[in-house]
Amino acid sequence: AQRVTQPEKLLSVFKGAPVELKCNYSYSGSPELFWYVQYSRQRLQLLLRHISRESIKGFTADLNKGETSFHLKKPFAQEEDSAMYYCALSNTNTGGFKTIFGAGTRLFVKA
Amino acid sequence: DVKVTQSSRYLVKRTGEKVFLECVQDMDHENMFWYRQDPGLGLRLIYFSYDVKMKEKGDIPEGYSVSREKKERFSLILESASTNQTSMYLCASSFREYSIVGNQPQHFGDGTRLSIL
């Protein structure tokens, strides 16, 4: 069965500290992974996707097929990074019609 | 910029009422989705549609139905609202085609916070 697991509901770090939001998935095919972010009082929006191999707002995420993980990392957290983060897996077999989301991790960056 | 508009930000209804949640997108997207967002559970897919008049059940369709009469509009219907349907409802849309950079990401509306009393 397809599943996305985000083991931490809440992650609290100090400003300037490194941050890693964990995401593990189970999928039998070749997955496409995304990170979405929801800032306070804003809509959910795409942060980055593994296939683009890009860095957005200082965040990166590497797909590790051996460990079935797609952890989101940033070397120096900023207060404006405080938000709810969702890892998501897209089913490539159905053209991305169905996306499975994790339960989310709330990141709180303390001054 | 993609615009996904949900008709209401907040809605209060009574148990047993028939409730309509409306969603409109302006980017000619083929795919449209309805999710529930609950703390600790993330986003759960209720229904999705990949074309006009087409619909597919998601993971939690019970107690809900949908309508897609026009490409830009996707409606979620609670046939007989119950208190366990109190939640944040998110609408999303995306292109259908698989692009050179992979599956298309979804674009979300602001959400409708629905309370059933």
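Residues numbered from 1 in each chain as written. Chains lettered and ligands numbered in written order. Predicted model: local features only at pLDDT ≥ 70, side-chain atom pairs only at ≥ 80, totals over all residues. Heavy atoms only, no water.

(A) Molecular detail of the overall build of chain A. Each helix and strand in chain A was counted, giving zero helices and eleven strands. What you see in chain A, going N to C, is helices and strands ordered as β-β-β-β-β-β-β-β-β-β-β. Here the C-alpha atoms of chain A give a radius of gyration of 14 Å, agreeing with the 13 Å that 2.2 N^0.38 yields for 111 residues. Across the 111 residues that make up chain A, the buried fraction comes to 47%. Residue pairs in contact within chain A that sit at least 24 positions apart in sequence constitute 59% of those at least 6 positions apart. (Helix = DSSP H or I, 4+ residues; strand = E, 2+ residues; numbered from the N terminus. Rg over C-alpha atoms; globule rule 2.2 N^0.38 Å. Buried < 20%, exposed > 50% of the residue type's maximum accessible area, 1.4 Å probe, protein only. Contact = heavy atoms within 4.5 Å.)

(B) Quick look at the packing of aromatic side chains. Residues and elements named next belong to chain A. Taken as a whole and assessed by the stated rule, the structure comprises ten aromatic pairs over all chains. Taken together, a centroid distance of 5.4 Å and an interplanar angle of 50° make the contact between Tyr 36 and Phe 101 tilted. Taken together, the residues span a long stretch of sequence, with Tyr 36 in strand β5 (residues 32-38) and Phe 101 in strand β10 (residues 99-101) at a distance of 65 residues. The residues Tyr 36 and Phe 101 share a single accessibility class, namely buried. (Phe/Tyr/Trp six-rings, centres within 6.5 Å; stacked < 30°, edge-to-face > 60°.)

(C) Structural context of the state of the cysteines. Under the defined criterion, the tally for this structure stands at two disulfides over all chains. A disulfide bridge connects Cys 23 of chain A with Cys 87 of chain A, and the sulfur atoms are separated by 2.0 Å. Taking the sign of the S-S torsion, -65° for the link of Cys 23 of chain A and Cys 87 of chain A, the bridge is left-handed. Residue Cys 23 of chain A is located in the loop between β3 (19-21) and β4 (24-26), and its partner Cys 87 of chain A is located in strand β9 (residues 83-90); the two are separated by 64 residues in the primary sequence. In terms of burial, Cys 23 of chain A and Cys 87 of chain A fall into one category: buried. A disulfide bridge connects Cys 23 of chain B with Cys 91 of chain B, and the sulfur atoms are separated by 1.9 Å. (Disulfide = S-S within 2.5 Å.)

(D) Main features of the pattern of salt bridges. Evaluation of the coordinates by the stated rule reveals ten salt bridges over all chains. Across the pair Asp 38 of chain B and Arg 36 of chain B runs a salt bridge, and its minimum N-O distance is 3.1 Å. Of the two residues, Asp 38 of chain B and Arg 36 of chain B, neither departs from the other in class, the shared state being buried. Residues joined in a network through salt bridges with shared partners are Glu 20, Lys 22 and Lys 73 of chain A. (Salt bridge = Lys/Arg side-chain N within 4 Å of Asp/Glu carboxyl O.)

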